[in-house]
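Tertiary structure, described
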Amino acid sequence: MPPTKFYPFQTFADTASFSGAFRDNILQFLRQCAEPQYADFDSDGVSIWSTFLVYQSKGLVFPLYTIEESVKVLPTTHLCDYCRFAGWGNRFVSKRNYHFIIPGDDDWNRPLADGAFDLQSHLLHGLIHCNGFGHLICINGIAGGSTYISGAEIMDFWDRICSSLHSRKITVEDLSKKKNLDLRLLYGVAYGTSWFGRWGYRFSNGSFGVRVHNYESAMGALSSIHLDQVIKDFIASANKGKKIKQIIHHYRELSDTSLITLRDLLSFMLSLKAPSMLTAFKSSVSKKVCKGKPRKFSNLAANLGSRWPVRRLEDVAQVIVQVLKERRAENCFRSCGMTRQEVRDAARLHIGDTGLIDHVLKAMNNVIIGDFVVRREVNRSTKVLEYSIQELGHSREYINTERNVSNDISYLYHIILLEYPCPDKVRLDAQILLRSKHFVKEWPFRDENDDLLRFIFRLSLSLQIEMLSVFPPWDYIAIPLYSTIGDLKGAVQKAMQETYCGMENIWVVEIVGMEEKHENEVVIGISDLREEIVVRAVGFDLGNGVIWEGGKDDEWTVKCKCGAQDDDGERMVACDICGIWQHTLCSGIEDSESVPRLFVCEHCCSSLAPPRNWGECELTRSMLPYWNWNIDSEFGSVE
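To start, this report covers the structure provided alongside it. (Residues numbered from 1 in each chain as written. Predicted model: local features only at pLDDT ≥ 70, side-chain atom pairs only at ≥ 80, totals over all residues. Heavy atoms only, no water.)

We now examine the overall build of the protein chain. When its secondary structure is counted, the protein chain shows 18 helices and 25 strands. A buried classification covers 50% of the 639 residues belonging to the protein chain. In the protein chain, 67% of the contacts between residues at least 6 apart in sequence involve partners at least 24 apart. Accessible surface for the protein chain amounts to roughly 31,200 Å². Of this, 50% is attributable to carbon and sulfur atoms. (Helix = DSSP H or I, 4+ residues; strand = E, 2+ residues; numbered from the N terminus. Buried < 20%, exposed > 50% of the residue type's maximum accessible area, 1.4 Å probe, protein only. Contact = heavy atoms within 4.5 Å. Areas by Shrake-Rupley, 256 points an atom, 1.4 Å probe, with all protein chains shown as cover.)

Structurally, Lys489 can be placed in helix α17 (residues 485–499). With residues up to four places along the chain from it excluded, the contact list for Lys489 reads Val508, Val509, Glu510, Ile511 and Glu519.

On to the environment of Phe18. Looking at where Phe18 falls in the secondary structure, it is placed in the loop between β1 (6–8) and α1 (22–33). It is 6.4 Å that separates the C-alpha atoms of Phe18 and Leu165, two residues lying 147 residues apart in sequence. Setting aside its immediate chain neighbours within four residues, Phe18 contacts Asn25, Gln28, Phe29, Gln32, Ser164, Leu165 and His166.

Our next topic: the sheet that holds strand β20 (residues 507–511). Judged by pairing direction, the sheet is mixed, and its four strands sit side by side in the order β19-β18-β21-β20 without closing on themselves. Edge strands, defined here as strands with exactly one partner in the open sheet, are β19 (475–480) and β20. This sheet shows a mean twist of 45° between the axes of neighbouring strands, independent of strand direction. Relative to strand β21 (residues 532–538), β20 is paired through four bridges, and the arrangement is antiparallel. Bridge pairing in β21 links Ile511 to Val535. (Pairing = 2+ DSSP bridges. Axes fitted to C-alpha atoms, helices over the stretch in contact; angles between N-to-C directions.)

Looking now at the packing of helix α7 (residues 238–254) against helix α14 (residues 405–419). Between α7 and α14, the shortest axis-to-axis distance is 11 Å and the interhelical angle comes to 130°. The orientation of α7 with respect to α14, classified from their angle, is oblique. The interaxial crossing formed by α7 with α14 has left-handed handedness. Listed contacts from α14 to Asn239, Lys240, Lys243, Ile244, Ile247 and Tyr251 of α7 are Val405, Asp408, Tyr411, Leu412, Ile415, Ile416 and Glu419. Looking at the contact of α7 with α14 residue by residue, the class counts come to eight nonpolar, one polar and four charged. (Parallel < 35°, antiparallel > 145°, perpendicular 65-115°, else oblique. Left-handed = near helix turned anticlockwise from the far one by under 90°. Nonpolar A, V, L, I, M, F, W, Y, C, P; charged D, E, K, R; others polar.)

Evaluated as defined, the whole model comprises 23 aromatic pairs. Aromatic pair Phe9 and Phe62: ring centres 5.4 Å apart, planes at 65°, arrangement edge-to-face. Of this pair, Phe9 sits in the loop between β1 and α1 while Phe62 sits in strand β4 (residues 60–70), and the two are 53 residues apart along the sequence. For the residue pair Phe9 and Phe62, the accessibility class agrees, reading buried in each case. Both rings, one in Trp108 and one in Tyr148, keep their centres 6.0 Å apart while their planes meet at 35°; by these two values the pair is tilted. (Phe/Tyr/Trp six-rings, centres within 6.5 Å; stacked < 30°, edge-to-face > 60°.)

Its 17 residues give α7 an end-to-end C-alpha distance of 25 Å, which sits within 8% of 24 Å, the value for a rise of 1.5 Å per residue. Buried within α7 we find Gly241, Ile244, Ile247, Ile248, His249, His250, Tyr251, Arg252, Glu253 and Leu254. (Expected span 1.5 Å × (residues − 1).)

Right, let's get into a positive patch on the surface. Taken together, Lys178, Lys179, Arg198 and Lys273 make up a surface patch of like positive charges. Mapped onto the fold, Lys179 is located in the loop between β9 (177–178) and β10 (181–182). (Patch = residues over 30% accessible without salt bridge, like charges linked within 9 Å, V, L, I, M, F, W, Y side chains within 5 Å. Salt bridge = Lys/Arg side-chain N within 4 Å of Asp/Glu carboxyl O. Lys, Arg positive; Asp, Glu negative; His and termini not counted. Charge placed at Lys NZ, Arg CZ, Asp CG, Glu CD.)

This part is about the sheet that holds strand β15 (residues 372–378). On the basis of which strands lie adjacent, the open sheet formed by five strands has the order β12-β14-β15-β16-β13 and mixed pairing. The open sheet is flanked by β12 (295–296) and β13 (338–339), the only strands paired with a single partner. Relative to β15, strand β14 (residues 367–369) runs antiparallel, the two sharing three bridges. In the sheet register, Val367 faces β15, and the bridge partner there is Val374.

This paragraph deals with unusual backbone geometry. The backbone of Asn180 shows a phi angle near 70°, a positive value even though the residue is not glycine. Considering the arrangement of structural elements, one finds Asn180 in the loop between β9 and β10. Phi at Phe208 is positive, roughly 55°, even though this residue is not glycine. You can see Phe208 is positioned in the loop between β11 (202–205) and α5 (212–223).

Quick look at the structure:
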């Protein structure tokens with residue numbers, strides 16, 4: 001059956017008016033904006049809807065699939081790995097999960113097939129549990145394989161979907177790359193955030209025990225590296241040092257602001273990569289570059305026909321060049337200039353004849369004096385005519401304005417961030433950013449100006465649950481304006497029963513702080529009413545013990561020397577004696593190596609046969625710990 005409704009891709013969900021919690025809004029969204037769809041899925045409890053989107057300016061029509069998984073009919077072991085990696089293992093398992101998928105260009109006219117959840121080629125794949133917590137699983141714009149739609153456009157679309165449906169928290173594992181550059185490292189140094197930071201995603205947790213203070217400290221240290229120090233540190237490496245110096249000098253000449261730190265340089269270079277900025281930049285540079293090649297001032301002076309001898313004119317020109325050089329040095333070698341009056345006043349400290357100075361200044365435009373070219377051009381910011389100098393070899397007449405900025409960024413990325421000669425802390429800080437992959441966006445609770453009362457609530461759990469270290473998050477509910485306390489308790493009870501596994505028989509006993517209130521009392525009339533409430537309930541079903549995303553508490557234990565105490569998505573191995581899991585990399589097993597059939601951790605090895613020294617302990621390399629960080633953190637100092 002052909003689709004009957006089409007929606008504009010670039011504004012879809014922009015003005016949607018959903019007023020409830022996500023679990024209710026998603027059902028309303030499917031009724032209003034989607035149509036049931038047949039798909040070749042070999043799973044029970046899966047329903048599929050399609051929404052057709054139109055990109056009018058490009059003449060495109062493509063589907064957004066919304067797939068509902070009913071966890072109730074799926075195996076009890078169906079847990080969310082993304083929740084566990086994000087540190088949400090203490091969240092109750094939701095009864096319904098919703099996948100949002102825009103398939104790759106070549107699959108727009110094909111039905112969604114079984115195995116679609118595992119593909120990484122979708123333009124968009126997001127997963128939101130019915131409690132409003134979710135994950136952005138993959139996004140592929142033009143750089144990732146799409147022919148028509150950019151990654152930023154897809155992210156805008158995803159952000160509108162999440163906002164309009166009242167999502168609560170969405171995580172993303174930032175593995176984005178461009179031309180083999182990890183954007184979480186490049187953008188972290190250049191902008192202080194990941195690429196996803198443009199949409200409000202902030203650091204959540206890192207792999208290998210990286211915490212927020214490690215992340216912020218590493219990012220601050222890398223961003224504040226002084227470019228002049230970089231040049232000094234690479235002096236010993238002739239070829240690399242020369243190229244780095246050329247790149248830094250080139251972009252300092254092109255910038256209207258001081259480029260002092262690595263962040264200044266990278267953010268400026270990235271701004272040149274934007275098409276609109278690059279067009280404006282080329283236009284600006286073309287206006288600045290004078291017609292014809294620079295002329296030698298000595299030849300020009302000989303043809304001026306002035307009453308002053310040529311030698312005298314050249315002396316004045318040298319004084320002016322020295323004045324401009326001093327100003328340039330004061331401003332850390334940025335592309336800067338001096339007004340005519342400023343040059344005139346500075347030159348008068350050395351030359352008393354102001355008429356002679358004015359005469360030379362009139363001729364000084366696109367002229368070569370010694371090893372410098374003197375320009376006279378309008379400052380884009382002040383609109384005032386200024387004099388400036390560039391080294392002859394770097395004069396804009398000889399600068400290729402089509403220079404490949406991407407290649408320069410790639411070179412600086414690999415040489416400075418990954419191969420810095422000294423100190424080791426630079427490379428170490430870069431590794432911390434590379435191991436900081438998990439980011440999260442939170443939508444704050446908001447009460448709309450309508451006829452509904454909204455609350456965020458949390459269950460006060462029984463001792464039996466609390467002993468299992470499970471602490472459910474705040475949940476969200478909306479009720480009619482004149483609801484009673486009994487209605488509020490019933491709404492909370494219904495929400496929990498419909499949202500989470502193991503709560504089918506839950507019964508809300510009372511609301512903390514309202515124990516003395518009558519069931520029929522209207523909620524809005526309570527004087528000390530708050531947006532946040534705590535409710536006491538009974539009737540949790542702990543039958544199979546798997547009601548939270550992290551599985552059973554006794555299922556496994558993570559305790560790695562890097563400080564990790566939970567699964568962070570990195571490869572791990574369990575000790576065959578104590579059963580404790582730890583990172584293979586931290587245990588000396590490289591990612592390219594297979595895990596040994598028998599693995600004994602360092603602690604158990606020492607306990608079984610305490611050696612007098614390492615030479616007496618015959619261990620395989622895979623049994624030896626591996627760690628090459630040298631940081632002081634909350635999990636100790638290691639080297």
